[in-house]
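# Coordinate analysis (summary)
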Amino acid sequence: MKVVLENLTKCFPSRNKKGTEVIAVNNFNFEIPDGKLIGLLGPSGCGKSTTLNLISGLETPTKGKIYFGDQDVTNLPPEERGVGLVFQNYALYPHMTVEENIIFPLQNLKGAQKMSKEAMHQKAVETAKLVQLDGLMERKPKELSGGQQQRVAIARALVKIPKVLLLDEPLSNLDARLRLQTREELRRIQRETGVTTIFVTHDQEEAMSISDLIIVMKDGVVHQIGKPQDVYDEPANLFVAQFLGTPQINVFHGEVKNEKLYIGEEDVLDVPGRKDMPVWVGIRPEGFVPDANEGRMTCQMDRVEVMGRDVSVVSTHPQMTGRSIRSIVSAENKFDPDQKTVRFNLKPYKVFLFDKESEERV
Amino acid sequence: MKKNNLKAWLYLLPAILFLGVFMVYPLIDVCFYSLEENYQSIAQTYTGVGLGNFGHVLSDPFFIQALKNTLILVAITVPVSTGISLLIALGLSSIKTLKKAFQTIYFLPYVTNTLAVGLVFMILFARTEYTDGLINALISSLGYDMVDFINGPYWAKMLVTCLYTVWIVMPFKILILTSALASVNQDYYKAAKVDGASSGRIFRKITLPMISPTVFYLVITGFIGAFKAYSDEVALFGVNLNEAGMNTIVGYVYDMLYSDKGGYPGYAAAAALILFAIVFTITYINLKFSRNKVQYM
């Protein structure tokens, strides 16, 4: 089922006396295609959870409309929307067994949809199998590991075959190893069921690794929507460029003069067809190519961190905005630990220019 | 380890001393009294050791009346007060405006003196030479016959007693239940809503199990409290409860010791032990029953 968000806006009344409203979601427009896995990504407080709550019906929008397929669900209560929601803390009912938890949504069905006990059990077993929970049906949630609880929560959300599956920070309560495993699992379950899935995360790696599309939000405003690789390769603005990628992108004060890009005194890159203007220069860590003799950009060497396959060269530059510049280069490059400077050439497609004022990509 | 033990005992000493002198010793003493037949408090003599006191008490019509009154009181007030308190607590936790004001109002009976409340109930229910009382005025204005609630028929007196007891025990229950309801994680309700549960089902399947330890605590302490009823009856009917036919077991114990016809510590002790046996049995049954019903997270 596709999900259409039309001018979706949510304001919360202010808590202080000045009466300024907090705009959690600002004019969100997007059509989420059927059967895709969407990552809703942004720093904390950016409105991504509110967006999720709006889609689930737990919050009602101040303005705008939500459609599931062609049906306008804006004013429908959550129970009539047919969504499955997985909470950050899973919210498993602690007094019910795994099976009772999974069956709970089925028991709530009314009228023609009502199911027999046998059918519900059958359905619960099927769903448990899908998330690989078979054999744990009689346990109580507290007798399960974090990863297992997570899967019970997903099973409970999926058992009714929802039109849309919503996950709020689904992996944040798991440890690092389990997180990797579970996100593969999530991807697999989504593929097998084909349910349109939206998940919220502040972890860009998580979002990039499993999503078909990512939506990058900040302060209630959507900054960019696209395939993970496209968003990474073509960030729309400085925020998106900085938010995606580890290590972070390196940002410099720079200027375009005579179709050359200057950082400080050096012209580091030819930029044919560009207007003369001051710019922010964003360079991905993998965009640096060390060249001891011909390199056009000179940085002060700080240290070299060996990571096995790659090395990470940490250096500084007077025009940089962060604390240091991090560049990832192949381990085949040898560096003298005593050298004072390091010289790089830049890969043009790893260098992004942003307007100094608007921070939009130019 | 040993040194720590000594220290621990030292810390416990004040409490142990106090409880020993004022709780444990009297308790043991009561057991002795109950077995000493025809005990004379002045001469400190008794004629024999046996279950005679129990026999006398159990065949005393005043005790039977007190036992009947107490059981009726327990059977009515515990479920009614717990039920109404739960409804009020649910109401309080779902409103936003005036919540604090209502909470205060519902808590007022808790901080009001029992005898003062008794006086108010007298004004409401009693018929004197000067007035028929507010409730009777209401009844007659509706065209029914007036009832004397304080000196009238048994059912009327029992009704007033139950109303009084329920009213006086509710504030504490409401307070405890409101905080129990507030401590339930809101995510459970959101999850249940998204899962399509009706509000009735959310209450039965989520809320009630979540607060069941608290409800259970209130039921047990409610039973014990109701079995110990005495002061409320005094506030309503005065000290001569046997004459009013509204005595309770604790009242009977008190009468046997101190009233005009008192001075029988043996009978008092026997009655007290019978009360203990009843409360113990009821609490035991409660615990047994709750093992399958109460959810401890």
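So, how was this worked out
Residues numbered from 1 in each chain as written. Chains lettered and ligands numbered in written order. Predicted model: local features only at pLDDT ≥ 70, side-chain atom pairs only at ≥ 80, totals over all residues. Helix = DSSP H or I, 4+ residues; strand = E, 2+ residues; numbered from the N terminus. Buried ≥ 20, exposed ≤ 12 C-beta atoms within 10 Å, placed from the backbone. Contact = placed C-beta atoms within 7 Å. Core = buried A, V, L, I, M, F, W, Y, C linked by C-beta atoms within 7 Å. Pairing = 2+ DSSP bridges. Axes fitted to C-alpha atoms, helices over the stretch in contact; angles between N-to-C directions. Parallel < 35°, antiparallel > 145°, perpendicular 65-115°, else oblique. Left-handed = near helix turned anticlockwise from the far one by under 90°. Nonpolar A, V, L, I, M, F, W, Y, C, P; charged D, E, K, R; others polar. Domains from an automatic or database assignment.

## Details of the overall build of chain B
Secondary structure summary: chain B contains 13 helices and 2 strands in total. Summarising its shape, the C-alpha atoms of chain B cover approximately 75 × 75 × 30 Å along the three principal directions. Sorting the 297 residues of chain B into buried and exposed places 30% on the buried side.

## Remarks on the overall build of chain A
What chain A contains, in helices and strands, is 8 helices and 20 strands. C-alpha extents for chain A along the principal axes are approximately 80 × 45 × 40 Å. Going through the 362 residues of chain A one by one, you find that 41% of them count as buried.

## Here we look at the environment of Gly-42 of chain A
For Gly-42 of chain A, the location among the structural elements is in the loop between β3 (37–41) and α1 (48–56). Beyond its immediate sequence surroundings of up to four residues, Gly-42 of chain A is in contact with Lys-48, His-202, Val-216, Met-217 and Lys-218 of chain A.

## Focus: the nonpolar core
In this structure, Leu-40, Ile-55, Ala-155, Leu-166, Ile-198, Ile-215 and Val-281 of chain A are the most contacted members of the largest nonpolar core, which totals 128 residues. With 9 residues, the single largest contributor to this core is helix α7 (residues 154–182) of chain B. In this structure, Ile-215 of chain A is in contact with Phe-30, Ile-38, Leu-40, Leu-41, Val-222 and Ile-225 of chain A, ignoring residues within four places of it in sequence. In this structure, Tyr-33, Tyr-252, Val-253 and Tyr-267 of chain B belong to the second largest nonpolar core, which totals 26 residues.

## Details of the sheet that holds strand β9 (residues 213–218) of chain A
All names here are of chain A. Pairing within the open sheet is mixed, and its 6 strands lie in the order β6-β7-β8-β3-β9-β10. What marks the edges here is a single partner per strand, and that holds for β6 (83–86) and β10 (221–226). Each adjacent strand pair in this sheet contributes to an overall mean axis angle of 15°, direction not counted. With 5 bridges connecting them, β3 and strand β8 (residues 196–201) associate as parallel partners. If you follow Ile-38 over to β8, its bridge partner there is Ile-198. Where α1 meets the sheet, it contacts β3, β6, β7 (164–168), β8 and β9, and its direction lies at approximately 150° from that of β7. Its contacts with the sheet put helix α4 (residues 146–158) on β6 and β7, and the angle it makes with β6 is roughly 170°.

## Examining the pairing of β3 of chain A
All names here are of chain A. Burial analysis of β3 places 5 of its 5 residues in the buried class, which makes it a mostly covered element. The two faces of β3 match: Leu-37, Gly-39 and Leu-41 on one face and Ile-38 and Leu-40 on the other face are all buried. As paired strands, β3 and β9 are joined by 4 bridges and run parallel to one another. In the strand pairing of β9, Leu-41 is matched with Val-216.

## Focus on the packing of helix α5 (residues 114–125) of chain B against α7 of chain B
All names here are of chain B. Running from N to C, α5 and α7 cross one another at 140°; their axes reach a closest spacing of 11 Å. Classified by the angle between their axes, α5 and α7 sit oblique to one another. Crossing geometry of α5 relative to α7 is assigned as right-handed. Between α5, through Thr-114, Val-117, Phe-121 and Phe-125, and α7, the contact on the second element is made entirely by Val-160, Tyr-164 and Ile-168. Classifying every residue of the contact of α5 with α7 by side-chain character gives 6 nonpolar, 1 polar and no charged.

## Overview of the environment of Gly-82 of chain A
Checked against the element boundaries, Gly-82 of chain A lands in the loop between β5 (71–72) and β6. Filtering out sequence-adjacent residues up to four positions away, Gly-82 of chain A remains in contact with Pro-162 and Lys-163 of chain A.

## Things to note about the domain arrangement of chain A
Residue and element names in this part refer to chain A. Segmentation of chain A into domains returns domain 1 (3–243) and domain 2 (250–355). On the side of domain 2, 5 residues touch domain 1, which itself brings 5 residues to the contact. Residue classes in the side of domain 1 that touches domain 2 are distributed as 3 nonpolar, 2 polar and no charged.

## Some points on the interface of chain A and chain B
Contacts between chain A and chain B engage 16 residues on the former and 14 residues on the latter. Counting only elements with at least two residues in the side of chain A that touches chain B, the list comes to β6 and α2 (98–107) of chain A. The residue makeup of the side of chain A that touches chain B, split by class, is 11 nonpolar, 4 polar and 1 charged.

## Points about the pairing of strand β4 (residues 63–68) of chain A
The side chains of a regular strand alternate, first on one face of the sheet and then on the other. All names here are of chain A. The pairing of strand β1 (residues 3–12) with β4 spans 5 bridges and is antiparallel. Among the inter-strand pairings, Val-3 is bridged to a residue of β4, identified as Phe-68. Two elements, β4 and β5, share 2 bridges in a ladder whose sense is antiparallel. Looking across to β5, one finds that Phe-68 is bridged to Gln-71. Following β4, the chain reverses through 2 residues before pairing antiparallel with β5; Gly-69 in that reversal takes a positive phi of roughly 65°.

## Describing the packing of α2 of chain A against α4 of chain A
Residues and elements named next belong to chain A. Between α2 and α4, the shortest axis-to-axis distance is 7 Å and the interhelical angle comes to 30°. Between α2 and α4, the crossing angle belongs to the class labelled roughly parallel. In the crossing of α2 with α4, the sense of the turn from one axis to the other is right-handed. The residues of α4 that touch α2, namely those facing Val-98, Asn-101, Ile-102, Phe-104 and Pro-105, are Val-152, Ala-155 and Arg-156.

## Comments concerning the domain arrangement of chain B
All names here are of chain B. Each assigned domain of chain B is listed with its residue range as follows: domain 1 (1–50) and domain 2 (54–293). For domain 1 and domain 2, the distance between their C-alpha centres works out to 32 Å. Counting residues at the interface gives 7 residues for domain 1, matched by 7 residues for domain 2. Mapped by element, the contributors of at least two residues to the side of domain 1 that touches domain 2 are α1 (2–35) and β1 (36–37).

## Looking at the sheet that holds strand β20 (residues 351–355) of chain A
Residue and element names in this part refer to chain A. Taken in spatial order, the 5 strands make up an open sheet running β13-β12-β11-β14-β20, and their pairing is antiparallel. Here the strands that pair on one side only, and so sit at the sheet edges, are β13 (266–270) and β20. On average, each strand axis in the sheet is tilted by 40° relative to the strand beside it, whichever way the strands run. Looking at chain direction, strand β11 (residues 250–257) and strand β12 (residues 260–263) are connected through 3 bridges and run antiparallel. Bridge assignment links Glu-255 to a residue of β12, and that residue is Tyr-262.

## Some words on unusual backbone geometry
All names here are of chain A. Note that the residue after Thr-246, namely Pro-247, is joined by a cis bond; omega there is -10°. Of note, the phi angle at Gln-132 is positive, near 60°, even though the residue is not glycine. Gln-132 sits in the partly exposed class, given 14 other C-beta atoms within 10 Å. We note that Glu-359 has phi near 60°; this positive angle belongs to a residue other than glycine. Looking at the secondary structure, you find Glu-359 in the segment after β20.

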